[in-house]
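Each chain, letter by letter, is given below.
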Amino acid sequence: MPEVYNPQLGREQSYPYEHREEERDWHWGMVINTNRCINCNTCSFACKSTWTSGKGEEYMWWMNVETEPYGGYPMGWDMRLLDDLGAEETIFEAAEQGERVKGYVAQKEEWEYPALGDDSVHGEYPEDEVVESDPEKGKYHDIWQFYLPRLCNHCKNPACLAACPRKAIYKRSEDGIVLLDQERCRGYRKCVKACPYHKPMYNPETGVSEKPVGCFPRIEEGNVPRCVSSCIGKTRLHGNINRGPDRGRPNGKKSAAPGRSPTNYLAKSDEKVALPLYPQFGTRPQVFYMPPYHVPPEFLTQMFTPNTDQKRNDWPGSTYEESVKIIQQRVRDPSHHLLGVLQLFGATTRLIETYNVKENRVKGWDRKGKKVVDMPIEEDLEVREGEKWTNQ
Ligand code: SF4
Ligand code: F3S
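Residues numbered from 1 in each chain as written. Chains lettered and ligands numbered in written order. Predicted model: local features only at pLDDT ≥ 70, side-chain atom pairs only at ≥ 80, totals over all residues. Heavy atoms only, no water.

Comments concerning the domain arrangement of the protein chain
For the protein chain, the assigned domains read domain 1 (13-27 + 40-123 + 139-213) and domain 2 (219-376). Placing a centre on the C-alpha atoms of domain 1 and another on those of domain 2 gives a separation of 22 Å. Counting from both sides, the interface comprises 49 residues of domain 1 and, opposite them, 43 residues of domain 2. Buried surface at the junction of domain 1 and domain 2, summed over both partners, amounts to about 3700 Å²; 61% is from carbon and sulfur atoms. For the interface between domain 1 and domain 2, the tally reads one salt bridge. (Domains from an automatic or database assignment. Contact = heavy atoms within 4.5 Å. Buried area = accessible area lost by both parts, 1.4 Å probe. Salt bridge = Lys/Arg side-chain N within 4 Å of Asp/Glu carboxyl O.)

Dropping the structure here:
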């Protein structure tokens, strides 16, 4: 197997195909602020009613929200695989003879309860004590849970694509969206087994598999996916994750705005406040999560970092756990710039290609360079002198 560089792991890893994903001009990417998610599942239903309403698609939830640490769809989807991986071994490196990817096929009963574990908390309420949280002093809530929205990550090393013997799965050159060609598919279900996030699903009515499509018709028209536009908590931002600060005007067009994309800033700038889910699988997922700041960092470290002893200088702390603590603090107490970027979440249904934060305003432009957001970062507060109330 060829070796490809994985920046999320900071090392070369095996992957069946050579590619240079960083050179793509445009790549689908999403950032989700878990601190704003209220588990209303508006995203899940928006996705379901848009994409999967036919026969055989009843159990397909391409978008789902689960409660951590006890929820999961399919049940226990993450731990089953993680327990089987050796230290510093991706699902490609752990593959058994004759297979390209180490996978796991969830059984029927594991798919039957999409909301199992919802709102179950970890820990017990201490008797006669007030539950306090002060992350600055290293004290987190004794009882906690948080909501984790899950969808296809349109990975840069897609396991579904690597596993299919029919080459029925492909990554679009224009935006990196990973699609399944149902005409080519013969229902081998290697993709179903290989995706560590369990997003390709087999349709017994048609005899072929289906997978999430990244809302590509909306992206093509310059709009954000349905799960993003419908989110009432304004938890999400979608855009060109590859567009870093060194990119000029798109396609060299003068009318188009220069600059980096807000998703790239959140996931890849020095501020680095958005992290991939289980990067240790090695698929390079392109959905990034701003971690909940009330949850113990050791739990988040195993979920959102490579979770090894290796020291990396592109992380803010000397260990992954220390880095997570620093990131939680950045999310809890955002810099002025980050506060500006956070205003872009849910501000428009148009896809924000580039943005700019200047003084107290944040602005965003679409791919054609048209301004689609222009708003204050902090609202002016006017304090009125009230009449003094006296007890007479
Ligand atoms: Fe494929 Fe799964 Fe990655 Fe989506 S999340 S691109 S289905 S491996
Ligand atoms: Fe390939 Fe998956 Fe179909 S492995 S043949 S896309 S079921």
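The rest of the description comes next.
Some remarks on a positive patch on the surface
Together, Arg100, Lys167, Arg184 and Arg186 give the surface a local cluster of positive charge. Along the chain, Lys167 falls in the loop between helix 4 (159-163) and strand 6 (169-171). (Patch = residues over 30% accessible without salt bridge, like charges linked within 9 Å, V, L, I, M, F, W, Y side chains within 5 Å. Areas by Shrake-Rupley, 256 points an atom, 1.4 Å probe, with all protein chains shown as cover. Lys, Arg positive; Asp, Glu negative; His and termini not counted. Charge placed at Lys NZ, Arg CZ, Asp CG, Glu CD. Helix = DSSP H or I, 4+ residues; strand = E, 2+ residues; numbered from the N terminus.)

A few points about the nonpolar core
Formed by 94 residues in total, the largest nonpolar core has its most connected members in Phe146, Leu266, Leu277, Phe281, Met290 and Phe304. Mapping this core onto the domain boundaries places at least three of its residues in each of domain 1 (13-27 + 40-123 + 139-213) and domain 2 (219-376). Dropping the residues within four chain positions of it, Leu277 is found in contact with Trp77, Leu148, Arg150, Tyr197, Pro285, Val287, Tyr289, Met303 and Phe304. (Core = buried A, V, L, I, M, F, W, Y, C linked by side-chain atoms within 4.5 Å. Buried < 20%, exposed > 50% of the residue type's maximum accessible area, 1.4 Å probe, protein only.)

Here we look at the environment of Ser269
By the secondary structure assignment, Ser269 is in the loop between helix 8 (262-268) and strand 11 (275-276). Overall, the relative accessible area of 9% leaves Ser269 in the buried class. Along the sequence, Ser269 and Val31 sit 238 residues apart, while their C-alpha atoms lie 13 Å from each other. In this view, Ser269 contacts Arg260 and Asn264; residues no more than four positions away in its chain are not counted. Among the polar contacts listed, one links the side chain of Ser269 to the backbone oxygen of Tyr265, at a separation of 2.6 Å. (Polar contact = N/O pair within 3.5 Å; in protein donor to acceptor, adjacent residues only side chain to side chain.)

Side note on the sheet that holds strand 11
Taking strand neighbours across the sheet as the criterion, the four strands line up as 10-3-12-11 in an open arrangement whose pairing is mixed. Both outer strands of the open sheet, strand 10 (236-240) and strand 11, are each paired with one neighbouring strand and no more. (Pairing = 2+ DSSP bridges.)

Description of the site of ligand 1
Every residue lining ligand 1 is accounted for by Cys152, Asn153, His154, Cys155, Pro158, Ala159, Cys160, Val178, Cys195, Tyr197, Pro200 and Lys211. Tallied by class, the residues present in the shell around ligand 1 amount to nine nonpolar, two polar and one charged. (Near = heavy atom within 4 Å. Nonpolar A, V, L, I, M, F, W, Y, C, P; charged D, E, K, R; others polar.)

Section: the packing of aromatic side chains
Under the defined criterion, the tally for this structure stands at 14 aromatic pairs. Seen in terms of ring centroids, Tyr59 and Trp111 are 5.9 Å apart; in terms of plane orientation they differ by 75 degrees. Their pairing is edge-to-face. Here the residue Tyr59 occupies a position in the loop between helix 1 (42-51) and strand 4 (64-68), and Trp111 occupies one in helix 3 (residues 108-111), the gap between them amounting to 52 residues. In this structure Trp111 comes out as buried when scored by relative accessible area, which is 12%. Both rings, one in Tyr289 and one in Phe304, keep their centres 5.6 Å apart while their planes meet at 40 degrees; by these two values the pair is tilted. Of this pair, Tyr289 sits in strand 12 (residues 287-290) while Phe304 sits in helix 9 (residues 297-304), and the two are 15 residues apart along the sequence. The burial state of Tyr289 is the same as that of Phe304; both residues are buried. In textbook terms, an aromatic cluster arises when at least three aromatic residues are bridged by ring pairs, as seen for Trp77, Tyr197, Tyr278 and Phe281. In this structure, Arg150 is placed above the aromatic ring of Trp77, and the distance from its NZ or CZ to the ring centre is 3.7 Å. Here the guanidinium or amino end of Arg189 rests over the ring plane of Tyr202, the centre of that ring lying 3.6 Å away. (Phe/Tyr/Trp six-rings, centres within 6.5 Å; stacked < 30°, edge-to-face > 60°. Lys NZ or Arg CZ within 6 Å of the ring centre and 35° of its normal.)

A closer look at the site of ligand 2
Ligand 2 sits among 13 residues. The nearest are Cys164, Cys185, Arg189, Cys191 and Ser209. Grouping the constituent residues of the shell around ligand 2 by class yields seven nonpolar, two polar and four charged.

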